[in-house]
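Fold and contact review
The lines below spell out each chain.
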Number of protein chains: 2
Amino acid sequence: MSKQKIELVKNAAGRMVPVEINGEKQIPYQGVGKFIPKGNKYGPPIASCANYPADGNKLVSDLKEALIKSGLKDGMTISTHHHFRNGDLIANQIFDIAYELGVKNLRWYPSASFPCHEPLIKYLEDGTINRIEGSMNGALGRFASEGGMKGIGVLRSHGGRYQAVQDGEVHIDIAVIAAPTADAFGNANGVNGPAASGLLGFALADSQYADKVIVVTDNLVPFPCIPWQIHGNYVDYTVKVDKVGDADKIVSGTTNITKSPDRLLIAELTAKFCEATNIIYDGFSYQAGAGGTSLSIGLYFEEILRRNKWKARFIRAGSNKYPVKMLEDGIVDYILDGQTFDLEGVRSMRENANHVDTSPFTSYNYHGKGNFASMIDVVVLGATEVDLNFNANVVTHSDGYLLHGIGGWQNCLFGKTVILPIPLFRDRIPIIVDEVTTLCGPGELIDVIVTERGIAINPLRQDLIEKAKGSGLPIKTLQQLKAEAERICGVPEKPVLDEEVIAVIKWVDGTVIDSVRKVKISR
Amino acid sequence: MSKQKIELVKNAAGRMVPVEINGEKQIPYQGVGKFIPKGNKYGPPIASCANYPADGNKLVSDLKEALIKSGLKDGMTISTHHHFRNGDLIANQIFDIAYELGVKNLRWYPSASFPCHEPLIKYLEDGTINRIEGSMNGALGRFASEGGMKGIGVLRSHGGRYQAVQDGEVHIDIAVIAAPTADAFGNANGVNGPAASGLLGFALADSQYADKVIVVTDNLVPFPCIPWQIHGNYVDYTVKVDKVGDADKIVSGTTNITKSPDRLLIAELTAKFCEATNIIYDGFSYQAGAGGTSLSIGLYFEEILRRNKWKARFIRAGSNKYPVKMLEDGIVDYILDGQTFDLEGVRSMRENANHVDTSPFTSYNYHGKGNFASMIDVVVLGATEVDLNFNANVVTHSDGYLLHGIGGWQNCLFGKTVILPIPLFRDRIPIIVDEVTTLCGPGELIDVIVTERGIAINPLRQDLIEKAKGSGLPIKTLQQLKAEAERICGVPEKPVLDEEVIAVIKWVDGTVIDSVRKVKISR
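Just so you know, the residues in each chain are numbered from 1, in the order the chain's sequence is written. By the order in which they are written, chains take letters starting at A while ligands take numbers starting at 1. Note on the predicted model: pLDDT of at least 70 is required for a residue's local features to be given, and 80 or more for side-chain atom pairs to be given and counted; whole-chain, interface and lining totals, by contrast, use all residues.

Okay, the overall build of chain A next. Working definition: helices are DSSP H or I runs of at least four residues, strands are E runs of at least two. Numbering for both runs from the N terminus. For chain A, the helix and strand inventory stands at 14 helices and 30 strands. Here the globule rule is a power law, 2.2 Å times the number of residues to the power 0.38, and the radius of gyration is based on C-alpha atoms. Taking 2.2 N^0.38 as the reference for a compact globule, 523 residues should give roughly 24 Å; the C-alpha atoms of chain A span a radius of gyration of 23 Å, in line with that estimate. Taken along its principal axes, the extent of the C-alpha atoms in chain A is 70 × 55 × 45 Å.

Another point: the relation of the copies chain B and chain A. Mapping chain B onto chain A calls for a screw motion: a turn of 180° about the axis and a shift of 0.0 Å along it, with 0.0 Å RMSD after fitting. Overall, the copies show the geometry of a two-fold rotation axis. Of the C-alpha atoms belonging to chain B, the one lying closest to the rotation axis is found on B:Gly43, 2.4 Å away. By definition, residues are in contact whenever their C-beta atoms, placed on the basis of the backbone, come within 7 Å of each other. In this assembly, 100% of the residues forming the interface of chain B have copies in chain A that are likewise at the interface, indicating an isologous arrangement. Least squares is used to superpose the copies, and the fit set is the C-alpha atoms of residues whose pLDDT is at least 70 in both copies.

In this assembly, 51 residues from chain B lie in contact with 51 residues from chain A. Counting only elements with at least two residues in the side of chain B that touches chain A, the list comes to strand S16 (312–319), strand S17 (332–340) and helix H11 (360–363) of chain B. A per-class count over the side of chain B that touches chain A returns 27 nonpolar, 18 polar and six charged. Following the grouping adopted for this structure description, the nonpolar residues are Ala, Val, Leu, Ile, Met, Phe, Trp, Tyr, Cys and Pro, the charged ones are Asp, Glu, Lys and Arg, and the polar ones are all others, Gly among them.

All names here are of chain A. Three or more residues of helix H2 (residues 91–100) are buried, namely Ala 91, Ile 94, Phe 95 and Ala 98. Down the axis of H2, the buried side of the element spans an arc of 85°, and every buried residue falls inside it. In the stretch just after H2, Gly 102 is the one whose phi turns positive, near 75°. Counting other C-beta atoms within 10 Å of a residue's own tells you its class, since 20 or more makes it buried, 12 or fewer makes it exposed, and anything in between is partly exposed; those C-beta atoms are placed from the backbone. The arc in question is formed by the directions pointing from the helix axis toward the C-beta atoms.

All names here are of chain A. Here Cys 412 shows up in helix H12 (residues 409–412). Note on Cys 412: 26 C-beta atoms within 10 Å, which makes it buried. On a C-alpha basis, the gap between Cys 412 and Leu 439 in space is 15 Å, while along the polypeptide they are 27 residues apart. In contact with Cys 412, other than residues within four places in its own chain, are Gln 287, Ala 373, Val 379 and Leu 381.

A few words now on the sheet that holds strand S10 (residues 174–179) of chain B. Residues and elements named next belong to chain B. A pair of strands counts as paired when DSSP detects no fewer than two bridges linking them. Spatially, seven strands are ordered S5-S14-S13-S10-S6-S7-S8 in an open sheet, and the strand pairing comes out parallel. The two strands at the open ends of the sheet, each matched to only one other strand, are strand S5 (59–60) and strand S8 (129–132). Here an axis means a line fitted to C-alpha atoms, over the contact stretch when the element is a helix, while the angle between two N-to-C directions is reported on a 0 to 180 degree scale. In the packing of helix H2 (residues 91–100) onto the sheet, contacts are made with strand S6 (77–80), strand S7 (106–110), S8 and S10, and the angle to S6 comes to roughly 155°.

How big an interface is tends to be reported as the loss of accessible area on association of its parts. Residue and element names in this part refer to chain A. On domain assignment, one finds that chain A holds domain 1 (52–133 + 170–248) and domain 2 (261–495). What marks off one domain from the next here is an automatic or database domain assignment. Look at where the C-alpha atoms of domain 1 and domain 2 centre, and you get two points 32 Å apart. Broken down by class, the residue content of the side of domain 1 that touches domain 2 amounts to eight nonpolar, five polar and no charged.

For the rest of this paragraph, the subject is the packing of helix H7 (residues 261–276) of chain A against helix H8 (residues 292–308) of chain A. All names here are of chain A. Across the interface, H7 lies against H8 with an axial gap of 8 Å and an inter-helix angle of 40°. Classed by the angle they form, the pair H7 and H8 counts as oblique. H8 is crossed by H7, and the crossing has right-handed handedness. Of the residues in H8, those in contact with Arg 263, Leu 264, Ile 266, Ala 267, Glu 268, Thr 270, Ala 271 and Glu 275 of H7 are Gly 292, Thr 293, Ser 296, Ile 297, Tyr 300, Phe 301 and Ile 304. A breakdown of the residues in the contact of H7 with H8 according to their chemical character gives eight nonpolar, four polar and three charged. Small angles under 35 degrees read as roughly parallel and large ones over 145 as roughly antiparallel, with 65 to 115 read as roughly perpendicular and the rest as oblique. Left-handed describes a crossing in which the near helix is turned anticlockwise from the far one by less than a right angle; the clockwise case is right-handed.

In this section: the pairing of strand S26 (residues 448–451) of chain A. Residues and elements named next belong to chain A. Of the two faces of S26, both are covered, the one formed by Val 448 and Val 450 as well as the one formed by Ile 449 and Thr 451. Sheet topology places strand S22 (residues 417–421) next to S26; three bridges connect them, and they run parallel. Bridge pairing in S26 places Leu 420 opposite Ile 449. Between S26 and the antiparallel strand that follows it, strand S27 (residues 454–457), lie two residues.

With that settled, the discussion passes to the environment of B:Ile121. Here B:Ile121 shows up in helix H3 (residues 121–126). Sequence separation between B:Ile121 and B:Gly148 is 27 residues; the distance between their C-alpha atoms is 8.7 Å.

Moving on: the packing of helix H9 (residues 321–328) of chain A against helix H10 (residues 343–351) of chain A. All names here are of chain A. One can describe the packing of H9 onto H10 by two numbers: an axis separation of 8 Å at closest approach and a directional angle of 35°. Taken as a pair, H9 and H10 cross one another with a handedness that is left-handed. Contact residues: H9 offers Lys 321, Val 324 and Leu 327, while H10 offers Glu 344, Gly 345 and Ser 348. Considering only residue class, the contact of H9 with H10 consists of two nonpolar, two polar and two charged.

Moving on, we come to the nonpolar core. For our purposes the nonpolar core covers buried Ala, Val, Leu, Ile, Met, Phe, Trp, Tyr and Cys residues that link as a set through C-beta atoms within 7 Å. Counting residues in each nonpolar core, the largest one holds 331 residues, and the members touching the most others are A:Ile177, A:Ile214, A:Val216, B:Ile177, B:Ile214 and B:Val216. The residue makeup of this core includes at least three contributed by each of domain 1 (52–133 + 170–248) and domain 2 (261–495) of chain A. In contact with B:Val216, not counting residues within four places along its chain, are B:Leu63, B:Ile90, B:Val176, B:Ile177, B:Ala178, B:Ala179, B:Val239, B:Val241 and B:Val244.

This next bit is on unusual backbone geometry. Of note, the amide linkage connecting A:Ala317 to A:Gly318 takes the cis form, showing an omega dihedral of 20°. Along the chain, A:Gly318 turns up in strand S16 (residues 312–319). Residue B:Pro224 is reached from B:Phe223 by a cis peptide bond, and omega for that bond is 0°. One non-glycine residue, B:Asn105, adopts positive backbone phi at about 65°.

Here the focus is the environment of A:Ala383. All names here are of chain A. With respect to the helices and strands, Ala 383 occurs in the loop between strand S19 (378–380) and strand S20 (385–387). Along the backbone, Ala 383 and Val 395 are 12 residues apart, and their C-alpha atoms lie at a distance of 8.2 Å. Aside from chain neighbours lying at most four places away, what touches Ala 383 is Ala 392, Asn 393, Val 394, Leu 420 and Ile 422.

Residue and element names in this part refer to chain A. Pairing is mixed across the open sheet formed by three strands, whose spatial order is S9-S29-S30. Of all the strands in the sheet, the pair left with one neighbour each is strand S9 (153–155) and strand S30 (512–519). Strand-to-strand, the axes of this sheet are offset by a mean angle of 40°, without reference to chain direction. Pairing between strand S29 (residues 497–506) and S30: six bridges, direction antiparallel. Counted as the bridge partner of Ile 505 is Asp 514 from S30.

This part takes up the pairing of strand S13 (residues 212–217) of chain B. As a general feature of sheets, a regular strand has side chains that alternate between the two faces. Residue and element names in this part refer to chain B. With six of six residues buried, S13 is to be regarded as a mostly interior element. Neither face of S13 is left uncovered, since the one carrying Lys 212, Ile 214 and Val 216 and the one carrying Val 213, Val 215 and Thr 217 both have all their residues buried. Here S10 pairs with S13 via six bridges, running parallel. Residue Ile 174 lies in a different strand from S13, and its bridge partner there is Lys 212. Of the strand pairs in this sheet, S13 and strand S14 (residues 237–240) are connected by four bridges, and their pairing is parallel. From the neighbouring strand, Thr 217 faces S14, where its bridge partner is Lys 240.

Turning our eyes to something else, we now look at helix H10 (residues 343–351) of chain B. Residue and element names in this part refer to chain B. For H10, every residue scored as buried is listed here: Gly 345, Val 346, Ser 348 and Met 349. Around the axis of H10, the buried residues are gathered within 165° of arc, so they sit on the same side. Structurally, H10 contributes buried residues whose contacts are with S16, helix H9 (321–328), S17 and strand S18 (355–357).

Keep in mind that low pLDDT regions are not for reading the predicted coordinates in detail. The pLDDT value tells you how sure the predictor is about a given residue, anywhere from 0 up to 100. A residue-level look at chain A finds 98% of positions with pLDDT of 70 or above and a mean pLDDT of 95. Under the prediction, the complex receives an ipTM of 0.96, its pTM being 0.97.

Shown next as structure tokens:
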């Protein structure tokens, strides 16, 4: 349906983007903070208690019945959520049922997809699923990159996903929320039950705005399910299953402190830079990631806090045992958590009122009256590529393959100081390039690049450049760092990509910041 | 503007109601569960973080500046909330400012008004305020009843107030939320700070749907204010004042156990009735009120639970020290609280995760996918009058004066068993009448009337009639009870009211269930 030649225009970042995708008009990226939305939020259909059971019991026999009662039919948008990450057991079942019922041409709108969703490739091939709008990690990304998806994929940040639903850009017909605990009314949480995985914040927009909402759980408790991270007042049907998800698999592959000497050095340089430039102070806040380097940086931050007898006011997380320990030791007042990355995170959120569950609405939605992301003192993020203007890529590799989602990455760029601690090269491919394969984040929002061979500060941040003077840290330009990498690895060849657009990248305001091209394959 | 003759029609309850009020078309009441809304919820304007301070600091110098920045002008709707009950200090200030600025014709949309708001009568007189849509207790009700208000008042239940905002019936221009604790971003709660009064649930709809939202506090904390009962992501401006409210005055005048022998008897009969008809069981739930009789009933319920070694699953409250003690003693699993009625309630909500703050959205909104009210086993409510068909009045006295709000009363009528424990007469005026002065609740939802001289069961509840047989309880008909009262007090004269409609009563679905007439006065 979308394979015809589509018209492209150059957006404010100089990238060629489609004016229309999947039959819907698009707004090209206009610059940071330049596109001001007009109009009103989407208002979902008004419900009436007269149409819901007075005793609050919304249980139906199984997921299939819930989907049929929800009116599952061709062309609908079905949303799911990645609170179980690679341990999700429900999304595949939904599309098995759709296939069984002969339903075609669905839009799958996950908050993220994982390797466990590889079985869905067959439904992308046979037209049960038209396209994925959401991150496509691993095999799904490879499949999409090679032009396998019938529709054009749309990648949004966590905040952009909320924004798109709130603003009515994406109308969800049926949201399916896999919940570790729920009552028959649909109140649900992620902190209790055998599959406790933390929180359900990624499903908030879906619960608020979808036409039909189904809560699936393996731990059904008598009303009221406390806490109710999802309100049953938004829920149409509840379903009891034997096992809703595999919470062990929420553990990211990279929740161990890095042992790589280069990465340890990057972490140390990052922390020293923050200390030298007074970004760390009594009452500061930071965003902790789950990768090995980020974890190490968190430990350095902790050491700086302890040494100075300071406290952080809050850590934005992706939590795991390290920030939990800091919370319990009184080194930080609050963890504002969007996603737990280990079972210690889950436990802490369940037990500690100062370990607070957040959502893309509170943290990231750019079409709100502010959000938390811009209030964070220092944010540490990854990237696959950075260009000489600090523009960065986080979704494609230099060979053009779309292998990662955006997550909260774009949203976090609004932090007060944004640092990308990245190795100068990976597999002998330099990270600093003339032009990123895919633009995900405008350079004006990225302040510092820390590599094992030096630190580059964005010229827009003269304040940081001044403060870093005399620090003894290896401050260099991006040009210098790029030259060093190329001396070691050689100048990499640019991938030759097809004309065809297989996906687009949305900016946090719903505009299109870049296109992802099909990878040329010689089979 | 509204004093011309307005057209009335007879609604499904046989009451004459206006087809249009204050220039807006109305839907007459159609019966319980009969009006099914069409269309979509209201979608407020889409905001952009680009228009809000990146550091989250939304503080302005004072309330006047916040109102001016919010665009205060003639004809706007201004909402406030009654979390401080008679200790509110902010609402009067808003209209002092409006008067000072020469703004006219405002609609005041409080979640309730109290005697402390009597100073606003001068603004109703001079046209600063056109009308109040919300309860008008005491002096304001007397003023409205005598035809003093320029516009027509509209009384809604707590759930109906949420419904009206959600459905776009009431568009709030500026919401002012008086918060015991807040951060500069606008996250706010009611549990902390010197003026801690419990929760902010009545302001939820306003925060979600108003064009502009102002949070006023006397306890400004560094971001993040935890818990955030109100999300700063909905807030435009924050204001710091010396004193935001007088929390001592949240204590209702009737939070003492009744000492009246008649009322104690009514309480005892109510409890015995519930025990005899097996309404109380291990895991049951009930709605506890704050009046003296209700408190006594709660104590009887507690005694029954303790004697049987049972637990209640939850108490819906209006909390005070009695349910708090039960929670702490393990006699109830959860308090689901919409409003704290004493400082013990506030303390418990702050300290105890099982004392949960609720909102009209979770508990009462009829235009949701169910709500909590219909899941409660037994609900105990008051009334000013009941007719022979169990129809009840809760807003006017038999002299026609509009002296009370609806509160959650209409919403609670959806409980599984609804009991009105009321004295047979007050000041020698019988409570059971041929026709209620104002219809607030349809008799089909009211199951039992308990008086000091007998218990009447609605013939629709044959199950209860059967269960009460052989209980030894004084089961009578409403006709019998009415005759008894009239033997003692005589047959009361019906008040002669003016034709003019000074207010209407909305049903939970936004339809008009009755009109309130002007009281004829001979000054």
